[in-house]
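# Structural features, examined
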Amino acid sequence: MTTALDAMISAQPAALDALADPELTAKPAELLDAAGRIWLVGTGTSRHAAELGAAALLDAGRDARWIAAADFTDRWLRPGDAVVVISHTGQTAYAQRARRIARTAGTPLVSVTGPEAGPQEWAEAIRTPVAEASETYTVSYTTALAVLAQLAHHLGAPGFGPEAIRATATRVRAVLEFPGLAGVPIPGRAMAITGPGAWSVTAREGALKIREGARILCEGFDAEHLLHGAAVPYTAADSLLVLQPAADPDGLTAAVADAARQEGIPVTTLAEPPSDLPDLLAQIPMTVRLQILALRFARMRGQNADTAITGAWTDPALWRLGAP
């Protein structure tokens, strides 16, 4: 059970190394270089990639903004814009629609997708090297982040070149060998994950993997959101996982963790060792640790993480809504 997810998690270092070639993204980056504003568009896990990618392009001095694919319409576009559509498989209805909107408007378009997307339909796409074999997506997300890092590198963001991609792959290999998750308990009822800044995006991505893979109620927050009401339902039957609290310049993440302890909520912390990786790439090893945690919880609960969507949630009509 969940053997495909295990294989996909293990495939990530080699897949990242395969993307440490700046030529793969050089021409698409030229399209973005001429843009006055760049929209990054995605759904679910791809939206998390869009959020982190937009922040990386801001580091390059670009006006970059992320938006959920379902919210993206032509009213957002103006002359001089460019659009980056992220879709792991090329099958997501709203990602297809966002791509159609950009093409119809004549807006420069860069797509990031996997090898299974139609070669003619997605002719302009930068393709990640591994097709997902599990419905709990892993490798397609981390490799999409590597592509976005290479685009940021071409556009002038510091610290993102091919050497940084290879360093990220090396760190992921170390995580696969020693994930450091022994102290993270499975919750009795629900789990919250929190972290500052970019780590809050990873908190939400990790929570999504745990929900999909282990069928545990798990939510991801930034510390401010958690404090301002979201923490209210949590009790000693739940748990809080805190990511990289030292990255919070105000100390709010650590303070929220202390408050949770005072309320009797079990709290554990995961932190990446110091490195020169920029925020987007620093998220990849932590993301892999959370993927491994999702796999561990799935096995503990006897859940098949390779088939995440079941029952009425699989109705094809639901998944076609929003398609062009």
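Here the residue numbers are simple positions, counted from 1 along each chain's written sequence. Predicted model: local features are reported for residues with pLDDT of at least 70 only, side-chain atom pairs are reported and counted for 80 or more only, and whole-chain, interface and lining totals are derived from all residues. No hydrogens and no water enter the side-chain calculation; it runs on all heavy atoms of the structure.

## Some words on the UniProt feature "domain: SIS" (unreviewed entry) in the protein
UniProt positions are given in the numbering used here, feature names are shortened, and annotations may be inferred rather than shown by experiment. Taking the UniProt record as the reference, the feature "domain: SIS" (unreviewed entry) is found at residues 28-162. Numbering goes from the N terminus for both helices and strands, where a helix is a DSSP run of H or I of at least four residues and a strand is a run of E of at least two. Between the C-alpha atoms that bound residues 28-162 the distance is 16 Å, and the span itself is 38% helix and 19% strand.

## Looking at the packing of aromatic side chains
Whether two aromatic rings pair depends on their centres lying within 6.5 Å, for rings of Phe, Tyr and Trp, where Trp uses its six-membered ring; planes under 30 degrees apart make the pair stacked, over 60 edge-to-face, and the rest tilted. Under the criterion given, the structure shown has two aromatic pairs. In textbook terms, an aromatic cluster arises when at least three aromatic residues are bridged by ring pairs, as seen for Trp39, Phe72 and Trp76. Only Lys NZ and Arg CZ are tested; either one counts as a charge over a ring when it is within 6 Å of the ring centre and within 35 degrees of the ring normal. Over the face of the ring belonging to Trp39 we find Arg65, whose NZ or CZ atom lies 6.0 Å from the ring centre. Over the ring of Trp122 we find Arg99, and its NZ or CZ is 4.6 Å from the ring centre.

## Side note on the sheet that holds strand E9 (residues 267-270)
One requirement defines pairing of two strands: DSSP has to find at least two bridges between them. Pairing is parallel across the open sheet formed by four strands, whose spatial order is E7-E6-E8-E9. Edge strands, defined here as strands with exactly one partner in the open sheet, are strand E7 (217-221) and E9. With strand direction ignored, the average angle separating the axes of adjacent strands in the sheet is 20°. Both strand E6 (residues 190-194) and E7 contribute to a ladder of five bridges, which runs parallel. Note on E7: the bridge partner recorded for Ile193 is Gly220. Those strands touched by helix H8 (residues 198-214) are E6, E7 and strand E8 (239-243), and its axis lies near 170° from that of E7. Here, residues are in contact when the closest pair of their heavy atoms is within 4.5 Å. Structural elements are reduced to axes, namely lines fitted to C-alpha atoms, with helices fitted over the stretch in contact, and the angle between N-to-C directions of any two is expressed from 0 to 180 degrees. Lying over the sheet, helix H9 (residues 223-230) contacts E6, E7 and E8, oriented at roughly 120° with respect to E7.

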